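Topology and contacts: notes
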Amino acid sequence: MKSNKIVTIIILLGVLTGVIFTCNPKADVATGMISVLHTNDIHSQVLPVAKDKGRWSDYGGFSRIAHVVDSVRASRGEVLLLSCGDFCQGTPFFNFFGGKTEVDFMNKIGYTATTLGNHEFDNGMESLADMIRMSDFPYVVSNYDFSQTPLAGIVVPYHMINYKGVKVGLIGLTVDISTLVAKDNGKGAVYLDPVENAQRWTDTLRSRGADVVICMSHLGDKEYMGRVGDVELAAATSGIDVILGGHSHVDMIKVVKNKKGEDVTITQVASQGRLLGEVNIFMGGREE
Ligand SMILES: [Zn+2]
């Protein structure tokens, strides 16, 4: 399989509108397309946004996400469905049920994997560990040492999926929680450099045969208070094909050159499940 990959991105607005931003007409879809759907910062928006909330009223909610995911599955077959953190906190569902409602929906919709956002820590790590244990999907965080916490052994630094014969590697990056969550809720978690550890686990995945590496990031789209964001991460590493972002609540698509001069596509889809992102990666079909 050639290493060329062409990334097309469609953002599905609500349940109705699809917009294609980039597309290479020479792509040979038959050689293999990896269809990736992604969400970030759902913030416990189990129901749609309230009807008096202006521009985004009545958008979002897990039933809408389920509907769009199902319709994409109906046309494409298998898809990867990835979450980039902060699916918790923001509505009474989280206050009353501590994240279990969100996980229940994510299980039913069939998420493939998630990374952790800062708000997943809001009820402390014992509660988070309970959420993780009831999840049918892995939690991937590559830049933390959780060995001295209740998350030891249940959060993994990378994950590999066989997608129709293509090996897709996943890494995950979580923002520095030291100033974002109550001190006791992050006790024992050791934040590690995201660039160093993204590279470390990407290299591991590549050495184990990954054809594609996707990073689920909850760092934020760009540098903030001296902490790298997705743009700086992309430029400082190699081997990552796509960075699916979170934490900054922006809808963005950007292509950044990595340190070897190769394209890295970065995208993020707002918040509250108002948007569902779709990234299609075409394997080996480009005619140069
Ligand atoms: Zn966040």
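These lines cover the structure that appears in this document, whether it is placed above or below. (Residues numbered from 1 in each chain as written. Predicted model: local features only at pLDDT ≥ 70, side-chain atom pairs only at ≥ 80, totals over all residues.)

1. Remarks on the overall build of the protein chain
Just so we agree on the cut-off: Per the convention used, a helix needs a DSSP run of H or I reaching at least four residues, while a strand needs a run of E reaching at least two, with both numbered from the N terminus. Exposed residues have 12 or fewer other C-beta atoms within 10 Å of their own C-beta, buried residues have 20 or more, and residues in between are partly exposed; the C-beta atoms are placed from the backbone. Whether two residues are in contact depends on their C-beta atoms, placed from the backbone: they are in contact if these lie within 7 Å.
The helix and strand tally for the protein chain stands at six helices and 14 strands. For the protein chain, buried positions account for 48% of its 288 residues. Residue pairs in contact within the protein chain that sit at least 24 positions apart in sequence constitute 72% of those at least 6 positions apart.

2. Here we look at the pairing of strand 13 (residues 263–269)
What counts, and what does not: By this definition, two strands are paired if DSSP reports at least two bridges between them.
In terms of burial, strand 13 is largely enclosed, as six of its seven residues are buried. Pairing geometry for strand 11 (residues 242–244) and strand 13, over three bridges, is parallel. Bridge pairing in strand 13 links Ile243 to Ile266. Joining the antiparallel neighbours strand 12 (residues 251–257) and strand 13 is a turn of five residues, in which Gly261 adopts a positive phi near 85 degrees.

3. So, the environment of Ser57
Take Ser57: it is sitting in the loop between strand 3 (33–39) and helix 1 (62–76). On the basis of neighbour counts, which here come to 12 C-beta atoms within 10 Å, the residue Ser57 falls in the exposed class. Taking the C-alpha atoms as reference points, Ser57 and Arg274, 217 residues apart in sequence, are found 9.3 Å from one another.

4. Comments concerning the sheet that holds strand 11
So the rule is basically this: The convention used is that axes are lines fitted to C-alpha atoms, helices contributing only their stretch in contact, and that angles between N-to-C directions extend from 0 to 180 degrees.
Read across the sheet, six strands follow the order 7-8-10-11-13-12 without closing on themselves; strand pairing throughout is mixed. In this open sheet, the two edge strands, each paired with only one partner strand, are strand 7 (158–163) and strand 12. The mean inter-strand angle of the sheet, taken between neighbouring strand axes irrespective of direction, is 20 degrees. Pairing between strand 10 (residues 212–218) and strand 11: three bridges, direction parallel. Note on strand 11: the bridge partner recorded for Cys215 is Ile243. The strands touched by helix 5 (residues 194–207) are strand 7, strand 8 (166–174) and strand 10; relative to strand 8, the strand with the most contacts, the crossing angle is about 165 degrees.

5. Let's talk about unusual backbone geometry
Positive phi, close to 60 degrees, is recorded for His249, a residue that is not glycine. The residue His249 is located in the loop between strand 11 and strand 12 in this model. Of note in this structure, Gln272 is not a glycine but carries a positive phi near 60 degrees. Residue position: Gln272 is located in the loop between strand 13 and strand 14 (275–283). The class for Gln272 is buried, based on 22 C-beta atoms found within 10 Å.

6. Comments concerning the pairing of strand 14
The buried count for strand 14 comes to nine of nine residues, which makes it a mostly enclosed element. With six bridges joining them, strand 3 and strand 14 adopt antiparallel strand pairing. Looking across to strand 14, one finds that Val36 is bridged to Val279.

7. Regarding the environment of Arg133
With respect to the helices and strands, Arg133 occurs in helix 4 (residues 125–133). Residue classification places Arg133 among the exposed positions, given that 9 C-beta atoms sit within 10 Å. Linking Arg133 and Leu151, residues 18 residues apart in sequence, is a C-alpha distance of 9.8 Å.

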